[in-house]
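Listed here are the chains, written in short residue letters.
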Amino acid sequence: QVHLVQSGAEVKKPGASVTVSCKASGYTFTDYYMHWVRQAPGQGLEWMGWINPKTGGTHYAQKFQGWVTMSRDTSISTAYMEVDRLTSDDTAVYFCARGRELERLRIDYWGQGTLVTVSS
Amino acid sequence: DIQMTQSPSALSASVGDRVTITCRASRSISDWLAWFQQKPGKAPQVLIYKASTLESGVPSRFSGSGSGTEFTLTISSLQPDDFATYYCQQYNFYPWTFGQGTKVEIQ
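Residues numbered from 1 in each chain as written. Chains lettered and ligands numbered in written order. Predicted model: local features only at pLDDT ≥ 70, side-chain atom pairs only at ≥ 80, totals over all residues. Heavy atoms only, no water.

Peer 1: Please clarify how the sheet that holds strand β8 (residues 78-83) of chain A should be interpreted in this entry.
Peer 2: Think of a sheet as strands paired side by side through backbone hydrogen bonds, with each pair either parallel or antiparallel. All names here are of chain A. Spatial ordering of the open sheet is given by β1-β3-β8-β7, a layout of four strands whose pairing is antiparallel. Looking at strand neighbours, the two that pair on one side only are β1 (3-6) and β7 (68-73), the edges of this open sheet. Averaged over all pairs of adjacent strands, the angle between strand axes in this sheet comes to 20 degrees, irrespective of strand direction. Where β1 and strand β3 (residues 18-25) come together, four bridges link them in antiparallel fashion. Across the sheet, Leu 4 pairs through a bridge with Ala 24, a residue of β3. (Pairing = 2+ DSSP bridges. Helix = DSSP H or I, 4+ residues; strand = E, 2+ residues; numbered from the N terminus. Axes fitted to C-alpha atoms, helices over the stretch in contact; angles between N-to-C directions.)

Shown next, in the form of structure tokens:
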């Protein structure tokens, strides 16, 4: 049974950084990509990018290049997403989501989400 | 970026109704389209991928169709568990983009 378990809610001040983790279980971590998607309060879904856990290769939406970093630790089947220089616009629920490599990386499972609140 | 436009943004329906949601892409995405259902406070769940393929475990009352720029999600007989927000998402071009969502409410 596939599970993606994310770290807990965070409250950060503007200008700070935050790292969200996503621990995978129930499958071989390196056989699937990991996407990150965010959702501002009451808003829709915004795709941020993906990481290939096997190689560490990444692809970011242009909007997030330079201030979002995706990484992984294969020894503990965990993906990470770091957002730098937080502003109030980054207040959102951040989701990790598994991507199927042989199906154009489509998403099949999601983590439960992590609320990041940016407030002074 | 590819714009995904869903219609309607919200609808009210009764249990047993047939419901159709439309998603239009700003240019052709072939059939690289997925539909997700999201309930309040929960993560989205995939219903349909590649425009018309039902995800394993999803009830057969859900169906998808379309290709190119116009797509539909149909719920053949609305059930109480189906009241939620539905999103389409294209995965043909980067950045991947989602529709703005369609909220299905109880009439």
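Peer 1: Just checking my understanding: could you explain the sheet that holds strand β8 (residues 70-75) of chain B for this structure?
Peer 2: All names here are of chain B. The four strands are arranged β1-β3-β8-β7 in an open sheet whose pairing can be described as antiparallel. Of all strands in the sheet, those bounded by a partner on one side alone are β1 (4-7) and β7 (62-67). For this sheet, the mean inter-axis angle between neighbouring strands, taken without regard to orientation, is 15 degrees. Relative to β8, strand β3 (residues 19-25) runs antiparallel, the two being bridged by six bridges. When the bridges of β8 are listed, Arg 24 appears paired with Glu 70.

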